[in-house]
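# Geometric and topological summary
Here is how the chains run, residue by residue.
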Amino acid sequence: MTLKDIAAAANVSRAAAARALNGYGYVGAATAERVIEIAAQLGYRGNRVAQALRGGQLPLVGFVPGDIQNPFFAQIAHDIDAQLRQSRQSLLIASSAESVAQERDLIESFRALNVRGVIVAPAASPTRPHLEALLHEGVPLVLIDRAVEGLPCDCVSVDNAGGARAAVGCLIAAGHRQVAVIHDDQRIVTARDRLAGYAGALADHGIALDARLIAVAQSTVAQATEATIRLFRQPDPPTALFTLDSLMTKGALLGLRALGLSVPRDVSLVGFDDFDLATFTEPQITVVAQPVAQIGPLAVRMLLERMRGSTEPPRHVQLPTRLIRRGSVAPPGGGSAATDSAC
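In this report, we go over the structure that sits alongside the text. (Residues numbered from 1 in each chain as written. Predicted model: local features only at pLDDT ≥ 70, side-chain atom pairs only at ≥ 80, totals over all residues. Heavy atoms only, no water.)

## Structural notes on the pairing of strand β1 (residues 60-64)
Test applied: Only protein chains enter the accessibility calculation, which uses a 1.4 Å probe; a residue is then buried when its area is under 20% of its type maximum, exposed when over 50%, and partly exposed in between. The secondary structure listing takes helices from DSSP runs of H or I that are at least 4 residues long and strands from runs of E that are at least 2 residues long, numbered from the N terminus. Strands are labelled as partners when DSSP assigns at least two bridges between them. Here, the term right-handed applies to a crossover whose path from the first strand over the helix to the second runs clockwise when the strands point away from the viewer.
Burial within β1 is extensive, with 5 of its 5 residues counted as buried. Residues Leu60, Gly62 and Val64 of β1 are buried on one face, and the alternating residues Val61 and Phe63, pointing to the opposite face, are buried as well. Where β1 lies against strand β2 (residues 90-93), 4 bridges are found, and the strand directions are parallel. The partner of Gly62 across the bridge, within β2, is Leu92. Since β1 and β2 lie parallel, the crossover through helix α5 (residues 71-86) that links them has a hand, and here it is right-handed. Pairing analysis gives 4 bridges linking β1 to strand β3 (residues 117-120), with the strands arranged parallel. Directly across from Phe63, in β3, lies its bridge partner Ile119.

Below you can see the structure in the form of structure tokens.
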């Protein structure tokens, strides 16, 4: 049942029917009563969403994560939604799948919907005209996980380089000198920072980078599994492995199992990002934990302040990581798990 149907049944124009049903403009009392009565009889329900969108009144906030299948972004999406509901804001979520083109299209769609603010985990790109356009139009923008140099907006990230440095330092402290890494080749700033932390930890201990020990894989379980198998099928394979996110850590565990290698007897393992499976394996997996529970709420608070008119200079908050020592690190050649002091 549409407005046109109601107007025809009441023998009035669509404009008159709209005025009667929505309570604006002039329409005679008798006509208004007749239109409202017919609408009730026919079960008409006005499209309040469309009306609000046309008037720019719908409280919508957009969120573009890198990959919604990644538990990291799934948790942040949940937290953003919960926080926005407290302020009577509605959330639109659409993943960029780490594609700059898809991110750009999604931002354009959000602009067309007159969203009140946008939270983005930006995909890798040297230019950001679509994000700059948001700021130029006065749409509040907050970046999470990844800062963008030269973009004057608020950002919430973590100390990726420091976390990776601590993880690899833990492996080196346990006696490992052949520490492999699986990293993402999409050049996302978080991956670059974690790889830099890996290299920094090696340099701290006078260990040269070895190209044989650096494997490239996209952030999927399947690709990380294949990368792990490639690394450990080499002559003189590594004795330890560092993975750059939880999906890669899961893939590494599958790859090591496929090769018949045991953690930590044959291979020590540390992953970036904590995840549920890390405490259900035997042994439990040592990880670099991000303060995920803080990221979404903090991003929302920043966004709401901008939506309320804050003109403070852009803020970049970098949260610390934490190395959680479990049982997946041991000295090379087997033995019991490394002690806390060894890491």
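On we go from here.
## Focus: helix α9 (residues 189-204)
Keep this limit in mind: Under the convention used throughout, the expected extent of a helix is 1.5 Å for every residue step, that is, one less than its residue count. Here, residues are in contact when the closest pair of their heavy atoms is within 4.5 Å.
For α9, which comprises 16 residues, the first-to-last C-alpha distance of 22 Å matches the rise-based estimate of 22 Å (1.5 Å per residue) to within 8%. Taken residue by residue, α9 has Val189, Thr190, Ala191, Arg194, Leu195, Gly197, Tyr198, Gly200, Ala201 and Leu202 as its buried positions. Where α9 is buried, its residues contact α8 (160-173), β6 (179-183), β7 (214-216), β8 (240-243) and β9 (268-272). Within two residues after α9, Gly206 carries a phi angle of roughly 70°, on the positive side.

## Some thoughts on the layout of surface pockets
Picture a little ball the size of a water molecule; that probe, rolled over the atoms, points out where space is still empty. To keep things clear, this is the line we draw: Points on a 1 Å grid over protein atoms alone make up a cavity when a 1.4 Å probe fits among them but cannot get out, and a pocket when they form an open set with protein on both sides within 12 Å along at least five of seven lines; lining residues each have an atom within 4 Å of a point. Grid points are joined across faces, edges and corners, and a volume is the space filled by probe spheres set on the points. Here the nonpolar group is Ala, Val, Leu, Ile, Met, Phe, Trp, Tyr, Cys and Pro; Asp, Glu, Lys and Arg are the charged ones; every other residue, Gly included, is treated as polar.
Considering only enclosed or pocket space, the largest pocket measures out at about 380 Å³ in volume. The set of elements that each furnish at least two residues to the lining of the largest pocket consists of α5 and α9. Of all the elements, α9 adds the most residues to the lining of the largest pocket, at 3 residues. A breakdown of the residues in the lining of the largest pocket according to their chemical character gives 7 nonpolar, 7 polar and 8 charged. Counted as a void, the second largest pocket has a volume near 280 Å³. What lines the second largest pocket is Lys250, Leu253, Leu254, Leu256, Arg257, Leu261, Ser262, Val263, Leu277, Thr281, Glu282 and Pro283. Among the residues forming the lining of the second largest pocket, the class breakdown is 7 nonpolar, 2 polar and 3 charged.

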